[in-house]
Structures are given as structure tokens and as C-alpha cells.
Amino acid sequence: MSYSNIIVTTENRITTIKINREKSLNALNEKTIDELYDCIESISKSEDIKVVVITGVGNKSFIAGADITMFEGKSPASIRTIILKLQDTLNKLEDLTIPVIASINGFCLGGGLELAMACDLRIASEKAIVGQPEIKLGLIPGAGGTQRLTRLVGAGRAKEMIFFGNNVDAESAKSYGLINWVASPEELEEETLKIASRLAKGPSFALNMAKEAINRGPEISLLDAIRMEAELFALCFSHEDVKEGVDAFLNKRKPNFS
Ligand code: HXC
């Protein structure tokens, strides 16, 4: 599939996906969702890519939500089809075995924040604005927002953000635990690359196991989750990276993971 609403580049095993609808502040329309789905599907089959970065084209917006023009005149049934496709896309993104970073370069609203929350880590520009403003349209978040936001910031803060639909700045979002790092707009790209490069050089099998344990844990009881952690911990010993990591520590050198 060739893409026009996203730009995909790969360098040093880091794939960057840029949402490319600058005139609409990178709002997600059906074509963009289809392209994203296809792109994530092909990344999930690649053995070469180590890290994914998602960002928006331009310097004003990451993603200003779903494209509101597509809501006009739609029946509940046709909206349901679109929202399920977006949910499937974000679930697929969350399920990638490699780390995914949202590099939030401006407005990160509605479906944009839902996409960012399906990523593993979030770095934002000081100018970023984050929120779930759907209530102002007479709507609720529909692409995982009520659930992922609650898991990230707790029910009280999620209700505050969703009931009032007020947007917050990057520093506030960081204080909520919604954003990991804040960078100046000029340094956002470089800082994102530093994080991505560090992860790309990391032990990918252990990163995959850590992601699996963290993502699956909340779906099961604490005891089952801790047991799952033990299984995944033991599984790490089936991979050569453990030998390398332990040997590097014991010989006081830097590890060189496979
Ligand atoms: C379609 C959008 C858009 C959106 C901005 N634009 N957001 N078009 N869908 N979500 C368009 C504007 O219409 C405008 O087009 C251009 O982008 C620039 O936007 P402005 O409003 O002129 O910019 P500004 O004054 O700086 O305000 C920026 C903004 C505002 C605060 C982000 O645009 C805004 O509130 N946008 C809507 C945000 C929102 O409600 N997102 C949630 C959507 S619902 P023209 O042609 O006039 O230049 C959602 C549900 C997810 O995400 C799940 C459903 C599948």
C-alpha cells in the first residue's frame, strides 16, 4: 500500500511515522486510519525494526483528534465501523513487541491523545497541548481514552479531563504521569532520537518481555501477573542477551546486545 497521509522513514532501525495532514492539524480521517493500520501491520512483521516513533508533520500539531468533518451526517452504525477500525489500529500499535514513542509536537487531542496513550512512552514539546475535548462535541472518547487515560492517570483525573474537556499543557500532563519527558520545541526531535537510539541499542528480547508483563498484568489478578512475570523472567534466560549483559557486568565493560 502506498501512503499519502502518513510519511514513513527508517534509519538505524528506528522507524518514524509522521501524520501528514498539516492543514487539518494532522486530524485522523478514514484514509489516515487505514494507512496507519497497514503500516503498523507491516512493522509487526518486520524483524529489522527496533523502535517506532510517531509524530506529526509541522510544528503546530501532533494529532488534533479524529477529523471532525467525518462525523457529519453519519449513522451510529457507520461511526461504529470507523471507531472499531481506529481501536483495532491502536490495539495493534500497543501490541507491537518493540518500544513505541509518541513525540508530541503540538496539539494532542481526542484521538491524538488516545493514539499517544497506546504508545509506550511519550515525550512532548513545551508547547504541546493535551486533552480529551470530545465532551464539547457531545461525545465521549471512543478510541480507548476512557480506559487508557484512567489507567495512566487514575479515575479522578481522567474524569476531570473527560467531563470538562479542558486541555492541559505539557508540564501539567507530565505532573499527571501522562507525559514522560518535556523538551523545548527546538530540541524535541533530537531528544526523541536520543531516547529511540538508546532503546534500539537495548536488549530487544528483554524489552519485549518487560512490555508484555506491564501490558498484560492489569488484565489478570496480581498473583497471576506476578507469576507471569516469573515466567517471562525465566524466558529471558533463553536469550543470548542475558549472557552478554551478565558477562559485561562481571568484566566491567559495556554490553553489546544482539
Ligand atoms: C478536522 C480540524 C480538527 C479536527 C483542527 N482542524 N482540528 N479539522 N478535525 N479534529 C482544522 C480546522 O478546522 C482548521 O481548518 C485548521 O485545522 C486549523 O485549525 P484552527 O481551529 O483554525 O486552529 P487553532 O485556532 O489554532 O485551534 C487549534 C485547535 C482547534 C484548538 C486544535 O482546531 C480545535 O479545537 N480542534 C478540534 C479538536 C478536537 O475537538 N479534537 C477531538 C475530535 S473528536 P480550516 O479549513 O478552517 O483552516 C475525537 C474522537 C476520537 O478525536 C475517536 C473518533 C473516531
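Residues numbered from 1 in each chain as written. Predicted model: local features only at pLDDT ≥ 70, side-chain atom pairs only at ≥ 80, totals over all residues. Heavy atoms only, no water.

Enquirer: If you had to explain the site of the ligand to someone new, which residues and values would you point to?
Expert: Taken together, 21 residues lie near the ligand, and Lys60, Ala64, Ala66, Ile68 and Gly111 sit nearest. Within the backbone of Ala66, a nitrogen or oxygen atom sits 2.7 Å from an oxygen atom of the ligand. The separation between a nitrogen atom of the ligand and a polar main-chain atom of Ile68 is 2.9 Å. Relative to its unbound accessible surface of 1,000 Å², the ligand loses 61% to contact with the protein. Its residues assigned to classes, the shell around the ligand comprises 12 nonpolar, 4 polar and 5 charged. (Near = heavy atom within 4 Å. Polar contact = N/O pair within 3.5 Å; in protein donor to acceptor, adjacent residues only side chain to side chain. Areas by Shrake-Rupley, 256 points an atom, 1.4 Å probe, with all protein chains shown as cover. Nonpolar A, V, L, I, M, F, W, Y, C, P; charged D, E, K, R; others polar.)

Enquirer: Explain the pairing of strand S5 (residues 100–104) to me, and be specific about the residues and the numbers.
Expert: Among the 5 residues that make up S5, 5 are buried, leaving the element largely enclosed by the rest of the structure. The alternating pattern of S5 places Val100, Ala102 and Ile104 on one face and Ile101 and Ser103 on the opposite face, and all of these are buried. With 4 bridges connecting them, S5 and strand S7 (residues 121–125) associate as parallel partners. Within the sheet, the bridge partner assigned to Ala102 lies in S7 and is Arg122. (Buried < 20%, exposed > 50% of the residue type's maximum accessible area, 1.4 Å probe, protein only. Helix = DSSP H or I, 4+ residues; strand = E, 2+ residues; numbered from the N terminus. Pairing = 2+ DSSP bridges.)

Enquirer: Could you give me a rundown of the sheet that holds strand S2 (residues 14–19), with the residues and numbers involved?
Expert: One key point about sheets: their strands pair by backbone hydrogen bonds, in either a parallel or an antiparallel sense. Judged by pairing direction, the sheet is mixed, and its 6 strands sit side by side in the order S1-S2-S3-S5-S7-S10 without closing on themselves. Two strands lie at the open edges of the sheet, namely strand S1 (6–11) and strand S10 (181–183), each paired on one side alone. In this sheet, adjacent strand axes meet at a mean angle of 20 degrees when their direction is disregarded. By the bridge criterion, 6 bridges tie S2 to strand S3 (residues 51–56) in an arrangement that is parallel. Bridging across to S3, Ile19 finds its partner in Gly56. (Axes fitted to C-alpha atoms, helices over the stretch in contact; angles between N-to-C directions.)

Enquirer: So what's going on with the nonpolar core? Which residues, and what values?
Expert: Counting 46 residues, the largest nonpolar core has Val52, Ile54, Phe62, Leu93, Ile104, Leu115 and Leu178 as its most contacted members. Listed in part, the 12 residues of the second largest apolar core include Ile14, Ile101, Leu188 and Leu199. (Core = buried A, V, L, I, M, F, W, Y, C linked by side-chain atoms within 4.5 Å.)

Enquirer: Lay out empty space enclosed by the protein in plain terms, naming residues and giving numbers.
Expert: As enumerated under the stated definition, the model contains 1 cavity of 30 Å³ or more in all. Looking at the largest cavity, its volume works out to about 30 Å³. Considering the residues around the largest cavity, the lining is formed by Lys50, Thr97, Ile98, Pro99, Leu199, Ser204 and Leu207. In terms of residue class, the lining of the largest cavity is built from 4 nonpolar, 2 polar and 1 charged. (1 Å grid on protein atoms, 1.4 Å probe; cavity = no way out; pocket = protein on both sides within 12 Å on 5 of 7 lines; lining within 4 Å. Points joined across faces, edges and corners; volume = space filled by probe spheres on them.)

Enquirer: Requested: an account of the pattern of salt bridges, with residues and values cited.
Expert: When charged atoms on two side chains of opposite charge get close, those side chains can pair. Scanning the model with the defined rule gives 14 salt bridges in all. Of the charged contacts in the structure, one is a salt bridge between Arg216 and Asp95, with a shortest N-O distance of 2.9 Å. Of this pair, Arg216 sits in helix H8 (residues 204–216) while Asp95 is found in helix H2 (residues 76–95), placing the two residues 121 residues apart along the sequence. On the accessibility criterion, Asp95 (44% relative accessible area) is partly exposed. Its salt-bridge partner being Arg157, residue Glu160 comes within 3.3 Å of it at the nearest N-O pair. (Salt bridge = Lys/Arg side-chain N within 4 Å of Asp/Glu carboxyl O.)

Enquirer: Can you explain the packing of helix H1 (residues 30–45) against H2? Please cite residues and give values.
Expert: Between H1 and H2, the shortest axis-to-axis distance is 9 Å and the interhelical angle comes to 30 degrees. Between H1 and H2, the angle falls in the class roughly parallel. The hand of the H1/H2 crossing is left-handed. In contact with Glu30, Ile33, Asp34, Leu36, Tyr37, Ile40 and Glu41 of H1, H2 contributes Ile82, Lys85, Leu86, Asp88, Thr89, Lys92 and Leu93. Taken together, the residues that form the contact of H1 with H2 break down as 7 nonpolar, 1 polar and 6 charged. (Parallel < 35°, antiparallel > 145°, perpendicular 65-115°, else oblique. Left-handed = near helix turned anticlockwise from the far one by under 90°. Contact = heavy atoms within 4.5 Å.)

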